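# A look at the structure
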Amino acid sequence: MAKSIAHEFTKGLWEEIPPFRLVLGLCPTLAVTKTVENGIGMGVATTFVLVFSNILVSALRKLIPSKVRIACFIIIIATFVTVVELLMQAYAYKLFMKLGIFIPLIVVNCIVLGRAEAFASKNGIVASTADGLGIGIGFTLSLSALGTVREILGSGSLTIWGDLAFHNILGASFQPFSFMVQAPGAFICLGLMLCLMNLVGSK
Amino acid sequence: MNEMVKMVVVLTILSCVSGGSLAFLRQNTAQQIEYQQLKFVKGPAIMSILKGISNNPIEDRFKIKDGDIERSFYVGVVDGQAKYVAFESSGGGFGGPVGLMIGVDLTNDKILGVGVTTHSETPGVGARAKTDPDFVAQFSGLPFKGQFKVTADGGQIDALSGATVTSRGVCAGVTAAIKVYERLKDQIKEKAQAFK
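Quick look at the structure, then. (Residues numbered from 1 in each chain as written. Chains lettered and ligands numbered in written order. Predicted model: local features only at pLDDT ≥ 70, side-chain atom pairs only at ≥ 80, totals over all residues. Heavy atoms only, no water.)

### Focus: the side chain of Asn109(A)
Residue and element names in this part refer to chain A. Filter applied, for reference: The secondary structure listing takes helices from DSSP runs of H or I that are at least 4 residues long and strands from runs of E that are at least 2 residues long, numbered from the N terminus. Pairs of N or O atoms are called polar contacts if they sit within 3.5 Å, as long as, within protein, a hydrogen donor faces a hydrogen acceptor (for residues adjacent in sequence, only side-chain-to-side-chain pairs). Contact definition: two residues touch when any of their heavy atoms are within 4.5 Å.
By the element assignment, Asn 109 lies in the loop between α6 (93–99) and α7 (110–120). Of the polar contacts made by the side chain of Asn 109, one reaches the backbone nitrogen of Ile 111; its length is 2.9 Å. Apart from residues lying up to four places away in sequence, Asn 109 is in contact with Gly 25, Pro 28, Thr 46 and Phe 139.

### A closer look at helix α4 (residues 164–192) of chain B
Residues lying three or four places apart along an α-helix face the same way, a consequence of the helix completing one turn every 3.6 residues. Keep this limit in mind: Helix span is expected to be 1.5 Å times the residue number reduced by one. We define the bend at each residue as the angle formed by axes fitted to the 7 residues ending at it and the 7 residues starting at it.
With 29 residues, α4(B) extends only 35 Å from end C-alpha to end C-alpha; this falls clearly short of the ideal 42 Å at 1.5 Å per step. Roughly 70° is the biggest bend found in α4(B), and it falls at Leu184(B).

### Side note on the pairing of strand β4 (residues 97–105) of chain B
Residues and elements named next belong to chain B. Under the convention used in this document: A simple rule labels every residue: compare its accessible area, found with a 1.4 Å probe on the protein chains alone, to the largest value its type can have, and call it buried under 20%, exposed over 50%, or partly exposed in between. A pair of strands is considered paired only if DSSP assigns at least 2 bridges between the two.
Of all nine residues making up β4, eight are buried, and the element is well covered by its neighbours. Sheet analysis places strand β3 (residues 81–92) next to β4, joined by nine bridges and oriented antiparallel. The partner of Gly 92 across the bridge, within β4, is Pro 97. For β4 and strand β5 (residues 110–116), the ladder comprises six bridges, and the chain directions are antiparallel. Along β5, the bridge assignment pairs Val 104 with Ile 111. Where β4 folds back on β5, the antiparallel hairpin that results is connected by four residues, among which Asp 109 adopts a positive phi of roughly 55°.

### Re the environment of Ala152(B)
Residue and element names in this part refer to chain B. Locating Ala 152 in the fold gives a position in the loop between α3 (133–137) and α4. For Ala 152, a relative accessible area of 67% gives the class exposed. With 16 residues separating them in the primary sequence, Ala 152 and Arg 168 have C-alpha atoms 9.7 Å apart.

### Focus: the sheet that holds β4(B)
All names here are of chain B. Stated precisely, the cut-off is as follows: Fitted lines through C-alpha atoms give the axes, limited to the stretch in contact for helices. The angle between two N-to-C directions lies from 0 to 180 degrees.
Spatially, the five strands line up as an open sheet ordered β1-β2-β3-β4-β5, and their pairing is antiparallel. With one partner strand each, in any of the chains shown, β1 (61–66) and β5 form the two edges of the open sheet. In this sheet, adjacent strand axes meet at a mean angle of 30° when their direction is disregarded. Against the sheet, α4 makes contact with β1, β2 (69–78), β3, β4 and β5, and its axis sits at roughly 140° relative to β3, the strand it touches most.

### Examining the packing of aromatic side chains
Geometrically, a pair of aromatic rings is defined through the distance of the ring centres and the angle of the planes. All names here are of chain A. The condition is simple: When the centres of two rings from Phe, Tyr and Trp lie within 6.5 Å, Trp using its six-membered ring, the rings pair. Their planes under 30 degrees apart give stacked, over 60 give edge-to-face, and anything left gives tilted.
Using the criterion set out here, one finds eleven aromatic pairs over all chains in the structure. Taking 4.8 Å as the distance between ring centres and 45° as the angle between the ring planes, the aromatic pair formed by Phe 48 and Phe 52 counts as tilted. Placement of both Phe 48 and Phe 52 in helix α4 (residues 36–59) is noted, with a separation of four residues, approximately one turn of the helix. When its relative accessible area of 27% is taken as the criterion, Phe 48 is described as partly exposed. Among the residues examined, Phe 52 registers a relative accessible area of 35% and is labelled partly exposed.

### Focus on the environment of Gly141(B)
Checked against the element boundaries, Gly141(B) lands in the loop between α3 and α4. Ignoring sequence-local partners within four residues, the contact set of Gly141(B) consists of Lys110(B) and Ile111(B).

### Re the packing of helix α5 (residues 69–91) of chain A against α7(A)
Residue and element names in this part refer to chain A. How we decide: Orientation categories follow fixed angle ranges, with anything under 35 degrees roughly parallel, anything over 145 roughly antiparallel, 65 to 115 roughly perpendicular, and all other angles oblique. Two helices that cross are described as forming a left-handed crossing if the nearer one is turned anticlockwise from the farther one by less than a right angle, and a right-handed crossing if clockwise. The nonpolar class holds Ala, Val, Leu, Ile, Met, Phe, Trp, Tyr, Cys and Pro. Asp, Glu, Lys and Arg form the charged class, and all remaining residues, Gly among them, are polar.
In the contact formed by α5 and α7, the axes pass within 10 Å of each other and the chain directions differ by 130°. Judged by the inter-axis angle, α5 sits oblique to α7. You can see that α5 and α7 cross each other, and the crossing is right-handed. Between α5, through Arg 69, Ile 70, Phe 73, Ile 74 and Ile 77, and α7, the contact on the second element is made entirely by Val 112, Leu 113, Ala 116 and Glu 117. A per-class count over the contact of α5 with α7 returns seven nonpolar, no polar and two charged.

### Some details on a nonpolar patch on the surface
Residue and element names in this part refer to chain A. The line we're drawing: Residues qualify for a patch when their relative accessible area is over 30% and they have no salt bridge, like charges being joined within 9 Å and the nonpolar side chains of Val, Leu, Ile, Met, Phe, Trp and Tyr within 5 Å. Under the convention used here, a 1.4 Å probe and the Shrake-Rupley method define accessible areas, while residue burial counts only the protein chains that appear. Every case where a carboxyl oxygen of Asp or Glu lies within 4 Å of a side-chain nitrogen of Lys or Arg is listed as a salt bridge.
A surface patch of nonpolar side chains, amounting to about 540 Å² of accessible area, comprises Ile 160, Trp 161, Leu 164, Phe 166, Ile 169 and Leu 170. Every element with two or more residues in the nonpolar patch is listed here: β1 (158–161) and β2 (164–166). With respect to the secondary-structure elements, Leu 164 resides in strand β2.

### Digging into the interface of chain A and chain B
Here is the rule: As used here, buried area is the combined drop in accessible area, with a 1.4 Å probe, of two parts when they are placed together.
Counting residues at the interface gives 22 residues for chain A and 18 residues for chain B. For the chain A and chain B pair, buried surface summed over both sides reaches about 1,900 Å², with 78% attributable to carbon and sulfur atoms. When residues of chain A are sorted by the area they lose upon contact with chain B, Ile75(A), Leu86(A) and Tyr93(A) head the list and together hold 30% of the total. Here chain A and chain B share one salt bridge between them. For Glu3(B), the salt bridge is made with Lys67(A), and the minimal N-O distance between the two is 3.5 Å. If one sorts the elements of the side of chain A that touches chain B by residue count, α5(A) sits on top with twelve residues. When its residues are assigned to classes, the side of chain A that touches chain B shows 16 nonpolar, three polar and three charged.

Shape descriptors only; they carry no functional weight alone.
Structure (structure tokens):
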């Protein structure tokens, strides 16, 4: 059993890493990864929602009638998203201003509902927690990786968190491609990373 | 039938618990959220208007009931004395209301500065009310009384070229603020003295 729980956790980090392997949750992936900071913020917020909605869905899975399960899952998810939104407004307002509309949109992120429906509603609490945490961390890592590439190429800087930032890391003469911080840059970046992962994975 | 009852009961209970806990959280974070909004949205405007103060006007604020609405006033302390006060007003612009932050020197009733906070004016035209410091600087140092008008209407403020409607809106907002100030002056001065 212990081995399988470890597996539930680690599968989210590579085997089923959300935006690359499952190709789910692309809306926030493409929209907020202009900077690393945004990627991390979005990833942490989504992980929080994932873990707690997985726990609750798993705990209530025997009580929820199957015909209204999606409605019940959405109520649970929406509750945690609102919790995140309120907490972020109260304690990380700068990040909230940057992520804006994408925080409430976590409700419709298919990763969260997908995990609730495909995993948490069929498995125990511990396994569901591990699953949520693994997928969440995988999502955070993916967004940060995408954010790193896009921020370095698109604005020539790297913002880890708040004031902890590196400027002109590619030298002062580097001309940032503004293309990378726009939507097409996100698509191309995501496509190339997916391609690279498949290349490594297929060997 | 039994299944249907169960569905209704489960959904109702879940919604109630969710609503209840969110209401609880909202109540507990409301103050902190208000503070954050002041700090990041209105804060920059307040700080640019109240110059040379030694306190934090976002923390040193008070509210006064004005008819049905409650107005917030931000106090600026100089040399241990509450000398300035800033508050919000608005006037009708071209694309909607133009939100203003107005700083007043309590010792001589003169305008310390005016800043545009929120607006939906045309970028590059009316939006210059916010970005062009020369426009709002015209108000600084003028007596905070009477009525403000653009020069085209026989007033004392040069309108932004091409954005007369916005400029009128700003003047109307300042004029509205004067009325508020005259109405609440005694209360403002009394309450501001509490901050040192």
